[in-house]
Each structure stands twice: as structure tokens, then as C-alpha cells.
Amino acid sequence: MRGGRLRTRGAGWLKRSVLVSLAIVLPLGASVAGPTGTATAAFDPSGFDFWVDSEMGPIKSRIFRAADGNTGRVVYALDGMRARDDLNGWEIDTNVARALTAANINVVMPVGGQSSFYADWNAPSNFFGLDAGSGGSSTGSAATGSAMTGSSIAPAQVAGKKNTYKWETFLTTHLRNALSSRLGFNPNNNGVFGLSMGGSAALTLAAYHPDQFSYAGSFSGYLNISAPGMREAMRTAMISAGAFNIDAMAPPWGPQWLRMDPFVFAPRLVANGTRIWVSAASGIPGAGDVSNPMEIVQGVPLELLAMVNSRAFQVRMATLGGGNATFDFPITGVHNWRNWEAEVNRMIPDLSANIG
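Residues numbered from 1 in each chain as written. Predicted model: local features only at pLDDT ≥ 70, side-chain atom pairs only at ≥ 80, totals over all residues. Heavy atoms only, no water.

Participant: Would you mind showing me how to read the pairing of strand β10 (residues 275-279) here?
Facilitator: Two faces, one strand: in a regular strand the side chains alternate between the faces of the sheet. Across the five residues of β10, five count as buried, placing the element largely inside the fold. Residues Arg-275, Trp-277 and Ser-279 line one face of β10 and the alternating positions Ile-276 and Val-278 line the opposite face, and both faces are buried. In the sheet, strand β9 (residues 213-219) pairs with β10 via five bridges, with the strands oriented parallel. Across the sheet, Ala-216 pairs through a bridge with Ile-276, a residue of β10. Where β10 lies against strand β11 (residues 325-329), four bridges are found, and the strand directions are parallel. By the bridge assignment, Ile-276 is partnered in β11 with Ala-325. (Buried < 20%, exposed > 50% of the residue type's maximum accessible area, 1.4 Å probe, protein only. Helix = DSSP H or I, 4+ residues; strand = E, 2+ residues; numbered from the N terminus. Pairing = 2+ DSSP bridges.)

Shown next, in the form of C-alpha cells:
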């Protein structure tokens, strides 16, 4: 059902006291850093590289054309905290590009932006005046512990460290204009979705750029980042995901930080009439989640925290009378690509009906 009321799919409400308890006991670093999924797609030859200059240097996106050749229906797919510098995690670990293009939607996958939250930062990331080293996993999800290898090291040491992250400006100005002028893509009424870091970023972009983004989807996103403990959770995760300093992004609790918090800017999404899809699973492993024990260890607390954040955002939207959101809380699922891919497939009909 479209419009009219705030909608929910999936499990029933959990008691607020349970959610608060979960938020307190979750291990902060692991909760935001999270696991990888098993790669199912890797490089997709149906896409092509699209380079655009920016204040950060040349940035690559991967473009997948709609099956019917239209240029009016466009969606941006944002990566997680350990976004790689060669491919977007949605391409590496899922087949969502093929599902979206089959639905006659053009797909734009920006590449890079590890730990950036796709925001415009205040300064290059450093610790005590020194450039931080670069570390991360081999996928675009938010895994902990692995070291980045190969060509992804050098760009990460430059982007956001020897220069300043300006991802919001890139996505809403440089990339938007280049897609319009060079490919003829419609610069208005686009969609944007993302997982984890990219989920909160998708809502931020839609809130402040409503002409560009009329649709936003958040999967396992952190939608209440000003809640107690969240900044320190993010700080720990950003150190793990590439050794980035959160203080270079935004000072604590100031206007710039609050501007990034979906719980705070929710009234903008209601006023804009932005079509929203928000999902987070229960953290209870499902039938397909048990093949990798480390995914369970890391993915369970992570998904629980995302669910707590997303539930808080749902309450916020309800108090505002927002009837422009769909909330989906599957009764099983941890923080992995398998579940995010399934959620995109559930979202596609709603996305398709509300962009272009």
C-alpha cells in the first residue's frame, strides 16, 4: 500500500526496555564494524567504469544500464564502512545490479569512501597530526580484522587522509552533473539506498537533496547516531575500518553531527514526502546465516544494534505522522550481504513505482 500511513512488515514490537538493554551490552567496536558476506558475484562485466573528477581526485563509479535503455530511472547503491577502492560491495557480493536493471532501473555504484559515511568532512583524517595507515577487509561490507591488499591501499591513504572527504558534494554535484551531461541520466527523482554506513547516508542525501533523491533505502543502517554510546561505537569502527578519525568528520554533538543523524532530521523526510524503505533484521541467524561462524559472532550484535537504531527511527517517524515509510523487520537475519540482497529484491517494486 502506498502513502497514507506508516507501514511495517515483519516481527512485532519488542519491548523498549529490551532494546535499551541490548544497546547497552553490545560490544561497540564489533557492533558497528561487522562481518563480510560470501561473495556471489564479484566483477560484473555488464557494468562499465565511469570516472569523474572531484576535490578528492578522480572517483570511479560502476554503471549498469536499464534493460530497456531508458535514462530516466536511476538509483545509487552505497557501500558499507569497508568500501573498497576497486569495486562496490553490492557488485562484489550480490547480484542486485542485474535485478534492478531487469526492472528497467539504471544503477550507479560509487566506488571508495571507506568509513566516510558519504559525508563532507571538516578535515583530512589523521591522529595527532600524523597520516593514519590504511587497513580493511577485502570486501565492501563492514568486516573487522582483515588487512587490505593490492591496489586498494594507496587510494585509501590519499582519499580522506591526504585530502578531505567531500562525498556529499561529489554525489550531489560532480557525479550527478556528469551522469546527466555524459550519459543523459535524469538528475532528478532518483533513488538511493545503502547498507550500514550507506543506509544512514542514503537518508541524509534524500533529506538535504530532495530534488535529486525522491526515494531512500536503509538496510541495517544506524539511524539514531546521537543515542548514548553511538559516537564511540562509530569511532571504534572507523579506526578498524581504515584507521579513520571520526573527529575529522564532525565535532561531537554540534550542528554538523546532528545534521547527519536521521533521528534528528526525520522531519525533513516527512516534509519532503521522500519515499523511504527501512529494514533491519532481528540478529537471530536464519537458515542461510550459519555457514561462517565468524559471521555469526560479528553479525549478530551488529544487526541487533542496527535494529535498535531503526526501531527508534520508526518511533520518531510515527510521532511525526510520517506516512511515507515502509519498515521491514525480518524475524531472522544477521549483518550480511545475503540478507541485504534479499531486502533489495523486496524493495524493488516500491522503488520502481516511486522514481523517475
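Participant: Explain the pairing of strand β2 (residues 48-52) to me, please; I cannot follow it from the model alone.
Facilitator: Taken together, the five bridges between β2 and strand β3 (residues 59-64) define a ladder with antiparallel strand orientation. Directly across from Phe-50, in β3, lies its bridge partner Ser-61. Remark: six residues form the turn of the hairpin made by β2 and β3, two consecutive strands paired antiparallel; Gly-57 in that turn has positive phi of roughly 100°.

Participant: Before we go on, may I ask you to explain the environment of Phe-127 in this structure?
Facilitator: Among the secondary structure elements, Phe-127 is positioned in strand β6 (residues 126-127). Phe-127 sits 121 residues away from Ala-248 along the chain, and the two C-alpha atoms are 9.2 Å apart.

Participant: Explanation requested: the pattern of salt bridges in the structure shown.
Facilitator: If charged atoms from side chains of opposite charge come close, those side chains can pair. Taken as a whole and assessed by the stated rule, the structure comprises 13 salt bridges. Residue Arg-176 is joined to Asp-211 by a salt bridge in which the shortest nitrogen-to-oxygen separation is 3.3 Å. Taken as a pair, Arg-176 in helix α6 (residues 167-183) and Asp-211 in the loop between α7 (197-208) and β9 lie far apart in primary sequence, 35 residues in all. Residue Arg-176 is classed as buried on the basis of its relative accessible area, which comes to 13%. You can call Asp-211 partly exposed: its relative accessible area is 42%. (Salt bridge = Lys/Arg side-chain N within 4 Å of Asp/Glu carboxyl O.)

Participant: What exactly am I supposed to notice about the packing of aromatic side chains here?
Facilitator: Aromatic ring pairs are defined here through the distance separating the ring centres and the angle between the ring planes. Per the counting criterion, the structure on display carries 15 aromatic pairs. Geometrically, the ring pair formed by Trp-90 and Phe-193 is edge-to-face, given 5.2 Å between the ring centres and 85° between the ring planes. Taken together, the residues Trp-90 in helix α3 (residues 89-93) and Phe-193 in strand β8 (residues 190-195) connect sequence positions 103 residues apart. Exposure class is identical for Trp-90 and Phe-193. Each is buried. An angle of 70° between the planes, with centres 5.6 Å apart, marks the rings of Tyr-208 and Phe-265 as edge-to-face. Taken together, the residues span a long stretch of sequence, with Tyr-208 in helix α7 and Phe-265 in helix α11 (residues 262-272) at a distance of 57 residues. (Phe/Tyr/Trp six-rings, centres within 6.5 Å; stacked < 30°, edge-to-face > 60°.)

Participant: Is there a simple way to think about α7 in this case?
Facilitator: Every α-helix carries 3.6 residues per turn, so stepping three or four residues along brings you back to the same face. In this model, α7 (12 residues) spans 17 Å end to end at C-alpha, consistent with the 16 Å of a helix rising 1.5 Å per residue. Burial within α7 is extensive, with 12 of its 12 residues counted as buried. Within the span of α7, buried status applies to Met-197, Gly-198, Gly-199, Ser-200, Ala-201, Ala-202, Leu-203, Thr-204, Leu-205, Ala-206, Ala-207 and Tyr-208. (Expected span 1.5 Å × (residues − 1).)

Participant: Help me understand the side chain of Asn-224 in this model?
Facilitator: If you trace the backbone, Asn-224 turns up in the loop between β9 and α8 (230-240). You can call Asn-224 buried: its relative accessible area is 14%. If we skip the residues at most four places from it in the chain, Asn-224 touches Met-230, Asp-261, Phe-263, Asn-309 and Ala-312. (Contact = heavy atoms within 4.5 Å.)

Participant: Explain the nonpolar core here, please?
Facilitator: Across soluble globular proteins, nonpolar side chains show a tendency to be buried alongside one another. Within the largest apolar cluster, 69 residues are counted, with the highest numbers of intra-cluster contacts made by Tyr-76, Leu-171, Leu-175, Leu-179, Met-249 and Phe-313. Not counting residues within four places of it along the chain, the set of residues in contact with Tyr-76 comprises Val-108, Leu-171, Leu-175, Arg-176, Leu-179, Asn-190, Gly-191, Val-192, Phe-193, Gln-212 and Phe-213. One finds Phe-193, Trp-337, Trp-340 and Ile-355 within the second-largest nonpolar core, a separate group that totals 22 residues. (Core = buried A, V, L, I, M, F, W, Y, C linked by side-chain atoms within 4.5 Å.)

Participant: What is the right way to read unusual backbone geometry from this model?
Facilitator: Note: most residues except glycine have negative phi, and most peptide bonds are trans. If you check the backbone angles, Ser-115 has positive phi at about 60° while not being a glycine. Mapping Ser-115 onto the fold places it in the loop between β5 (106-110) and β6. Residues other than glycine seldom take positive phi values, yet Asn-189 does so here, at roughly 55°. Residue position: Asn-189 is located in the loop between α6 and β8. A residue is classified by how much of its surface remains accessible, and Asn-189, at 34% relative accessible area, is partly exposed.

Participant: Which parts of the structure should I look at to understand the side chain of Gln-212?
Facilitator: Mapped onto the fold, Gln-212 is located in the loop between α7 and β9. The class for Gln-212 is buried, based on a relative accessible area of 0%. Polar contacts involving the side chain of Gln-212 include one to the side chain of Tyr-76, which spans 3.3 Å. Within polar-contact distance, the side chain of Gln-212 engages the backbone oxygen of Leu-171 at 3.2 Å. Ignoring any residue separated from it by four or fewer positions in sequence, one finds Gln-212 in contact with Tyr-76, Leu-171, Thr-172, Arg-176, Pro-187, Asn-188, Asn-189 and Asn-190. (Polar contact = N/O pair within 3.5 Å; in protein donor to acceptor, adjacent residues only side chain to side chain.)

Participant: What is the right way to look at the packing of α7 against α11 in this model?
Facilitator: Angle between the axes and distance between the axes are the two parameters that describe a pair of packed helices. Taken N-terminus to C-terminus, the directions of α7 and α11 make an angle of 45°; their axes are 9 Å apart at the nearest point. Between α7 and α11, the angle falls in the class oblique. When you trace α7 past α11, the crossing you get is left-handed. Side by side, α7 and α11 meet where Ser-200, Leu-203, Thr-204, Ala-206, Ala-207 and Tyr-208 of the first sit next to Pro-262, Phe-265, Arg-268, Leu-269 and Asn-272 of the second. Per-class residue counts for the contact of α7 with α11 are seven nonpolar, three polar and one charged. (Axes fitted to C-alpha atoms, helices over the stretch in contact; angles between N-to-C directions. Parallel < 35°, antiparallel > 145°, perpendicular 65-115°, else oblique. Left-handed = near helix turned anticlockwise from the far one by under 90°. Nonpolar A, V, L, I, M, F, W, Y, C, P; charged D, E, K, R; others polar.)

Interpretation in functional terms is not warranted from these geometric data alone.
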